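Listed here are the chains, written in short residue letters.
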Amino acid sequence: MLFMKKNDICEIEIVDMGNNGEGIGKLDSVVVFIPYAIKGEIVKTHILKVNKNFAYGKIVEIIKKNESRITPPCPYFGKCGGCNLQHISYEKQLEFKTSIVQTTLQKQLGKDIKVENCVGSDLPFHYRNKMQLPTTIEGIGMYKENSHNIIIIDNCLLCKNWIVPIIKIIKDYIEKNNVNLYDEINHTGLLRHILIRKVDNSFSITLVINGDKLPNKNSLIDLLKLSFNEFSVFYCINKIKSNTILTQDIVCIYGNNTQQTEDFGIEYYISPTSFLQINRNIQNKIYSKILSLIKENDVIVDAYSGAGLLSAILSKKAKLVYGIEIVKSATENANNLMKHNKILNVKNINGDCAIILPQIIKENNNASIILDPPRKGCDINVLNAIMQSNPKEIFYVSCNPSTLARDLKILQESFNIDLIQPYDMFPQTKHIETLVHLSRK
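A few points on the structure. Here the structure is a predicted model, which means the values were calculated and not measured. (Residues numbered from 1 in each chain as written. Predicted model: local features only at pLDDT ≥ 70, side-chain atom pairs only at ≥ 80, totals over all residues. Heavy atoms only, no water.)

Here we look at helix H6 (residues 328–340)
How we decide: Helix and strand assignments follow DSSP, with helices taken as H or I runs no shorter than four residues and strands as E runs no shorter than two, numbered in order from the N terminus. Helix span, expected: 1.5 Å multiplied by one less than the number of residues in the helix. For every residue, the accessible area obtained with a 1.4 Å probe (protein chains only) is divided by the maximum for its type, and the residue is called buried under 20%, exposed over 50%, and partly exposed between those limits. By arc we mean the arc of the directions from the helix axis to the C-beta atoms, nothing more. Whether two residues touch is decided by their heavy atoms; if any such pair falls within 4.5 Å, the residues are in contact.
End to end, H6 covers 18 Å across 13 residues, agreeing with the expected 18 Å (1.5 Å per residue, within 8%). Within H6, the full set of buried residues consists of Ala-330, Thr-331, Ala-334, Leu-337 and Met-338. Summarising the axial view, the buried residues of H6 lie within an arc of 115°, below the 170-degree limit, and thus occupy one face. What points out from H6, more than 90 degrees from its buried face, is the exposed set Lys-328 and Lys-339. Where the residues of H6 are buried, they touch strand S14 (266–270), helix H5 (309–314), strand S16 (320–325) and strand S17 (346–350).

Examining the packing of helix H1 (residues 90–109) against helix H9 (residues 401–411)
Let me state the cut-off plainly: Axis angles are defined between N-to-C directions and span 0 to 180 degrees, where every axis is a line fitted to C-alpha atoms and, for a helix, only to the segment in contact. It is the rotation of the near helix from the far one that decides the hand of a crossing: anticlockwise by less than a right angle makes it left-handed, clockwise makes it right-handed. Each residue gets one label: Ala, Val, Leu, Ile, Met, Phe, Trp, Tyr, Cys and Pro are nonpolar, Asp, Glu, Lys and Arg are charged, and the others, such as Gly, are polar.
Axis separation between H1 and H9 bottoms out at 9 Å; the angle between their running directions is 35°. Relative to H9, H1 is oriented so that their crossing is right-handed. Contacts from Ile-100, Val-101, Thr-104, Leu-105, Gln-108 and Leu-109 in H1 reach Pro-401, Ser-402, Leu-404, Ala-405, Arg-406, Leu-408 and Lys-409 in H9. Residue composition of the contact of H1 with H9, by class: eight nonpolar, three polar and two charged.

Here we look at the pairing of S14
Selection criterion: A pair of strands is considered paired only if DSSP assigns at least 2 bridges between the two.
Here S14 shows a clear split, with Ile-266, Tyr-268 and Ile-270 buried on one side and none of Glu-267 and Tyr-269 buried on the other. In the sheet, strand S13 (residues 259–263) pairs with S14 via five bridges, with the strands oriented antiparallel. The residue of S14 that forms the bridge with Glu-262 is Glu-267. Adjacent in sequence and paired antiparallel, S13 and S14 are bridged by two residues, among which Phe-264 carries a positive phi angle near 55°.

Some details on the packing of helix H7 (residues 353–363) against helix H8 (residues 380–389)
For clarity, the threshold we go by: Angle categories are assigned with fixed cut-offs, so that under 35 degrees is roughly parallel, over 145 is roughly antiparallel, 65 to 115 is roughly perpendicular, and the rest are oblique.
Look at H7 against H8: their axes get within 8 Å of each other, and the N-to-C directions meet at 10°. The angle between the axes of H7 and H8 places the two elements in the roughly parallel class. Crossing of H7 against H8: the hand is right-handed. Together, Cys-353, Ala-354, Leu-357, Pro-358 and Ile-361 of H7 and Asn-381, Val-382, Ala-385, Ile-386 and Ser-389 of H8 make up the contact between the two elements.

Focus on the sheet that holds strand S2 (residues 23–27)
Spatial strand order, S1-S2-S3-S5-S4: five strands in a closed barrel with mixed pairing. Strand-to-strand twist of the sheet, defined as the mean angle between neighbouring strand axes without regard to direction, takes the value 50°. Here five bridges tie S2 to strand S3 (residues 30–34), and the two strands are oriented antiparallel to one another. Note that in S3 the partner of Lys-26 across the bridge is Val-31.

Some details on the side chain of Asn-341
The condition is simple: Identification of polar contacts relies on pairs of N or O atoms within 3.5 Å, with a donor-acceptor requirement for protein atoms, meaning one able to donate a hydrogen and the other able to accept it, and with residues adjacent in sequence counted only if both atoms are side-chain atoms.
Position of Asn-341 relative to the elements: it lies in the loop between H6 and S17. Residue Asn-341 is classed as buried on the basis of its relative accessible area of 19%. Within polar-contact distance, the side chain of Asn-341 engages the backbone oxygen of Leu-337 at 3.0 Å.

Some points on the pattern of salt bridges
Applied cut-off: Criterion for a salt bridge: a side-chain nitrogen of Lys or Arg within 4 Å of a carboxyl oxygen of Asp or Glu.
Enumeration over the complete set of coordinates arrives at 15 salt bridges. Its salt-bridge partner being Arg-69, residue Glu-41 comes within 2.7 Å of it at the nearest N-O pair. Of this pair, Glu-41 sits in the loop between S3 and strand S4 (42–50) while Arg-69 sits in the loop between strand S5 (54–64) and H1; the two residues are 28 residues apart in sequence, bridging distant segments of the chain. Per residue, the accessibility class of Glu-41 equals that of Arg-69, and both read buried. Note that Lys-114 is salt-bridged to Glu-116, the shortest N-O span being 3.6 Å. Lys-114 sits in the exposed class, given a relative accessible area of 64%. You can call Glu-116 partly exposed: its relative accessible area is 27%. When salt bridges with common partners are traced through the structure, they connect Asp-200, Asp-263 and Arg-280 into a single cluster.

So, in structure tokens, the structure goes:
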């Protein structure tokens, strides 16, 4: 019989943790999810919502504290939706992420599997090279979790301290030029988003506007010149009533159109719309691991190749690399990347991976496949194509343990799982990157 009801104050022991970093307890045979509670703690809980088989609560008081609990260094933690785990020591965060991958995969695959310890970031804080700051009539900040309500911020500890002066400069520009901030409900106001990216020593600042031009742009440029030497400023016209941030209508009003950088000896260029991992330290640890596992005579198929950076890196060791990408502009960027770096052993193909992949594997029976899909995982047609073509090995890079588990359940019928290695691409958050190496049975 269920005795718990909304607004009750209950004492609950936390017996597990969920994928979002929340504590999980049980009372009256009902599972209770409690954000910021840690396994092993006993917490006095305010029950916020009760369903038939589960409930939600929030901590009122910690009666028994887990030894891994620390004081979060960020004053916005628990309000801003950017971080989930700042209240846990970094060592325990890594253990938690290893456990999440282990539990998720074992549940789906139905057998014991070995998961290596999560590889940590060299910088648990200050690792982000990019920030997206929404602006609303309340001001500039970050969204609360699962909402579009803004928490006003003037700093983010996931970035280095360059974020502080840039936010202040943009606030000064807004105030001096009477720039109206966006009202999402009424679709009024000018400034919608601010995107800031630091690549090596240069900054790219993009203002997303619900209009045709940026007022008194020189005022913003002059303010930035007082603090920074190497930067570019863009505005992006976005009048769409949706959650889309960037459109292709982007204008550079100061500095260079792109930022140049290098990884593994490959020079490449970043534009405001380019994809770049926000934690290059972990990105390069993953790429180094893949490089160490491939052979010099291997033929590699990079199945979600994007703008071609990983294809270019792998070309330094592999005999031949095929890059398959369905977005035409990304394939064009990949071709330009190979030309710029004088790489001759990469063939970029624009098209549907499910169609092209079997053709390449048929011609190269011992090819290896790189899979680096979005959070939704691999398309079932791509997985079917892999199963039919039966390549020598697969390197699967995943940012979502749930879809990774779903896809591995299919692939394990024909492939051995040789390595499962989590990486902490996003410290202080619930997100996990995982590299899996599979070999043909």
